[in-house]
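Single-letter residue listing:
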Amino acid sequence: MALPGARARGWAAATKMAQRRRHAEDAEGFPSPAPPSSRAALYVHWPYCEKRCSYCNFNKYVPRGVEEAAMRSCLVTEAQTLLGLSGVRRVDSVFFGGGTPSLASPNTVAAVLEAVDQAAHLPADSEVTLEANPTSAPGSRLAAFGAAGINRLSIGLQSLDDKELQLLGRTHSASDALQTLAEARRLFPGRVSVDLMLGLPAQKSGPWLRQLRELLAYCDDHISLYQLTLERGTALFSQVQRGTLPAPDPEVAAEMYQEGRAVLREAGFRQYEVSNFARNGALSTHNWTYWQCGQYLGVGPGAHGRFVPQGAGGHTREARIQTLEPDNWMKEVTLFGHGTRKRVPLGELELLEEVLAMGLRTDVGITHQHWQRFASQLSLWDVFGSSQEVKALLVQGLLLLDHRGLRCSWEGLAVLDSLLLTLLPRLQEAWLQRAPSPGQGG
Ligand code: SF4
């Protein structure tokens, strides 16, 4: 067996060629359809951070020291166990998220990728993304991650204003972020994404749009815009509660989002999802799997997955959550090979609700063909074609239902949550009224 590092380096070189080829193909049209049951995406959670950001309620820990060898071994073991349990034969994408996975060593990343490739096939053109924080990802580390098999970076830039970065409790400055972005683009050309936040307390639309325009001068082909949500239990939430900071204004945030997406459209970006924008075909195939309700496995503390445990004789897709706390998770992985804390079988209606809510987040929406994969007895026309409330949304130009399928218009994408308040009950009603399929019990 080749050493993980050497194996991954060969794999990384093959990846670069294959990525160039696929990048050109993606630019031509839509990403490939959701994978069948023998395929999946894989998410790996690195739970540690250097410091707590003031707005963050993710599953993250700021430890005194990290037992990286033990964590690496547990991530490898759990990936092997879950891949065996799922019966998945091919992994189309891997995403290292967190926490701050750029704090992990490149050896850990290489070991996980090696284990995935051995337990199931990881093709050379698979998208393999690492979330990187500017201060934990200088150029030399980024290059080492590239050698370990990473071929796409998602940089948590968040703002280009130092005062805002301080407010958010980030460890980097705007100039750190731009430097990391430049290094990342040099090492992973065409495959670097940046996150920008909007809707911060006291943030105004004009200065934020200037930041976005400035970012356009430096960024690569992918941008994600995220609205700040004030989460209970965070430092920012307490400051707003105590009145030391003003509450974010939702109307200002909505204005920023609308103007921001228009600026990105003018700059040649396609808004392919509510929060995600790409040009030159640089869509994230990993996230696309989530929105298309493809299978995905979640490895690491608190990771979520959705797959059919075919390898264990299962036939129903399950929502799975791994144990949250890293030390407990490691104990469970050591004892049982995995740290799955919760398994919830997904009923047919629940799955369809996900297909609807996730699919409509994308500009492509839900094609008839895609819907039929999940609901062979109930077409999109059956569900939505005769509803007066849905007709009203079509007339208002927020929604489209035609020979391609169901999707939001440009205007509709910005108000998706309110559209779902009409669409989800309509789906539930149609599901209850549907004709029983042949062989279905009473
Ligand atoms: S780096 Fe990310 S995960 Fe860690 S505290 Fe900040 S926002 Fe949360």
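Reading the values: rules and limits
- Residues numbered from 1 in each chain as written.
- Predicted model: local features only at pLDDT ≥ 70, side-chain atom pairs only at ≥ 80, totals over all residues.
- Heavy atoms only, no water.
- Pairing = 2+ DSSP bridges.
- Helix = DSSP H or I, 4+ residues; strand = E, 2+ residues; numbered from the N terminus.
- Near = heavy atom within 4 Å.
- Nonpolar A, V, L, I, M, F, W, Y, C, P; charged D, E, K, R; others polar.
- Buried < 20%, exposed > 50% of the residue type's maximum accessible area, 1.4 Å probe, protein only.
- Polar contact = N/O pair within 3.5 Å; in protein donor to acceptor, adjacent residues only side chain to side chain.
- Contact = heavy atoms within 4.5 Å.
- Core = buried A, V, L, I, M, F, W, Y, C linked by side-chain atoms within 4.5 Å.
- Arc of directions from axis to C-beta.
- Phe/Tyr/Trp six-rings, centres within 6.5 Å; stacked < 30°, edge-to-face > 60°.
- Axes fitted to C-alpha atoms, helices over the stretch in contact; angles between N-to-C directions.
- Left-handed = near helix turned anticlockwise from the far one by under 90°.
- Expected span 1.5 Å × (residues − 1).

Brief notes about the sheet that holds strand S14 (residues 399–401)
Part 1: Spatial ordering of the open sheet is given by S13-S15-S14, a layout of three strands whose pairing is antiparallel. Only two strands of the sheet have a single neighbouring strand rather than two, namely strand S13 (366–367) and S14.
Part 2: Taken together, the three bridges between S14 and strand S15 (residues 405–408) define a ladder with antiparallel strand orientation. Bridged to Leu-400 within S15 is Arg-407.

A few points about the site of the ligand
Part 1: Around the ligand, the surrounding shell consists of Cys-49, Lys-51, Arg-52, Cys-53, Tyr-55, Cys-56, Phe-58, Lys-60, Gly-99, Thr-100, Asn-133 and Arg-170.
Part 2: Of the residues contributing to the shell around the ligand, the split by class is five nonpolar, three polar and four charged.

Some points on the side chain of Ser-409
Part 1: Tracing the backbone through its elements, the reader meets Ser-409 in the loop between S15 and helix H16 (410–413).
Part 2: Under the relative-accessibility criterion, Ser-409 is labelled buried at 10%.
Part 3: A polar contact is formed between the side chain of Ser-409 and the backbone oxygen of Gly-397, at a distance of 2.6 Å.
Part 4: Within the local environment of Ser-409, its side chain forms a polar contact with the backbone nitrogen of Gly-412, the two atoms lying 3.0 Å apart.
Part 5: If sequence neighbours within four positions are ignored, Ser-409 has contacts with Gly-397, Leu-398, Leu-399 and Leu-400.

Concerning the nonpolar core
Part 1: With 99 residues, the main nonpolar core has Phe-96, Leu-356 and Trp-371 as its most contacted residues.
Part 2: In this view, Leu-356 contacts Ile-366, Trp-371, Phe-384, Leu-406, Leu-420, Leu-423, Leu-424 and Leu-427; residues no more than four positions away in its chain are not counted.
Part 3: If you look at the next biggest cluster of nonpolar residues, it comprises 10 residues, including Cys-56, Met-197, Leu-200 and Leu-228.

Brief notes about helix H11 (residues 326–336)
Part 1: Within the span of H11, buried status applies to Pro-326, Trp-329, Met-330, Glu-332 and Val-333. Burial along H11 is one-sided: seen end-on, the buried residues are contained in an arc of 165 degrees. Residues of H11 that are exposed and angled more than 90 degrees away from the buried face: Lys-331, Thr-334 and Leu-335.
Part 2: Against the buried residues of H11 lie helix H2 (68–86), strand S11 (318–322) and strand S12 (340–345).
Part 3: Two or three places before Asp-327, at the start of H11, stands the capping residue Glu-325, its side-chain oxygen 3.1 Å from that residue's backbone nitrogen.

What about the packing of aromatic side chains?
To describe a pair of aromatic rings, you give the distance between the ring centres and the angle between the ring planes.
Part 1: Here the structure, examined in full by the defined rule, presents six aromatic pairs.
Part 2: Residues Tyr-272 and Trp-291 carry aromatic rings whose centres are separated by 5.9 Å and whose planes lie at 70 degrees to one another, so their mutual orientation is edge-to-face. Placement of the pair is Tyr-272 in strand S7 (residues 270–273) and Trp-291 in helix H10 (residues 285–291), with a sequence separation of 19 residues. Here Tyr-272 and Trp-291 have matching classes, each one buried.
Part 3: Ring geometry for Trp-288 and Trp-291: centres 6.4 Å apart, planes at 85 degrees, overall edge-to-face. Of this pair, Trp-288 and Trp-291 both sit in helix H10, separated by three residues, roughly a single helical turn.

Comments concerning the packing of helix H6 (residues 174–187) against helix H7 (residues 205–218)
Part 1: The contact between H6 and H7 brings their axes to 10 Å, and the two run at 35 degrees. Of the two elements, H6 crosses H7, and the hand of that crossing is right-handed. Residues Leu-178, Leu-181 and Arg-185 of H6 pack against Glu-214, Leu-215 and Tyr-218 of H7.
Part 2: When the residues that make up the contact of H6 with H7 are grouped by side-chain class, the tally is four nonpolar, no polar and two charged.

Observations regarding the packing of helix H4 (residues 139–148) against H6
Part 1: In the contact formed by H4 and H6, the axes pass within 10 Å of each other and the chain directions differ by 30 degrees. As H4 runs across H6, the sense of the crossing is right-handed. Two secondary-structure elements touch here, H4 through Gly-139, Leu-142 and Ala-143 and H6 through Thr-180, Glu-183, Ala-184 and Leu-187.
Part 2: Counted by class, the contact of H4 with H6 contains four nonpolar, two polar and one charged residues.

What about helix H9 (residues 250–266)?
Part 1: Given a rise of 1.5 Å per residue, 17 residues ought to cover 24 Å, and the 24 Å separating the end C-alpha atoms of H9 matches this to within 8%.
Part 2: Buried within H9 are the following residues: Ala-253, Met-256, Tyr-257, Gly-260, Arg-261, Val-263 and Leu-264. Projected down its long axis, H9 carries its buried residues within an arc of 160 degrees, all on one side. Seen from the buried face of H9, the exposed residues on the opposite side, beyond 90 degrees, are Glu-251 and Glu-266.
Part 3: Lining the buried residues of H9 we find strand S5 (192–198), H7, strand S6 (222–227), S7, strand S8 (276–278) and H16.
Part 4: The opening residue of H9 is Asp-249, an N-cap whose side-chain oxygen sits 2.8 Å from the backbone nitrogen of Glu-251.
Part 5: Two residues or fewer past H9, Gly-268 is found with a positive phi of approximately 90 degrees.

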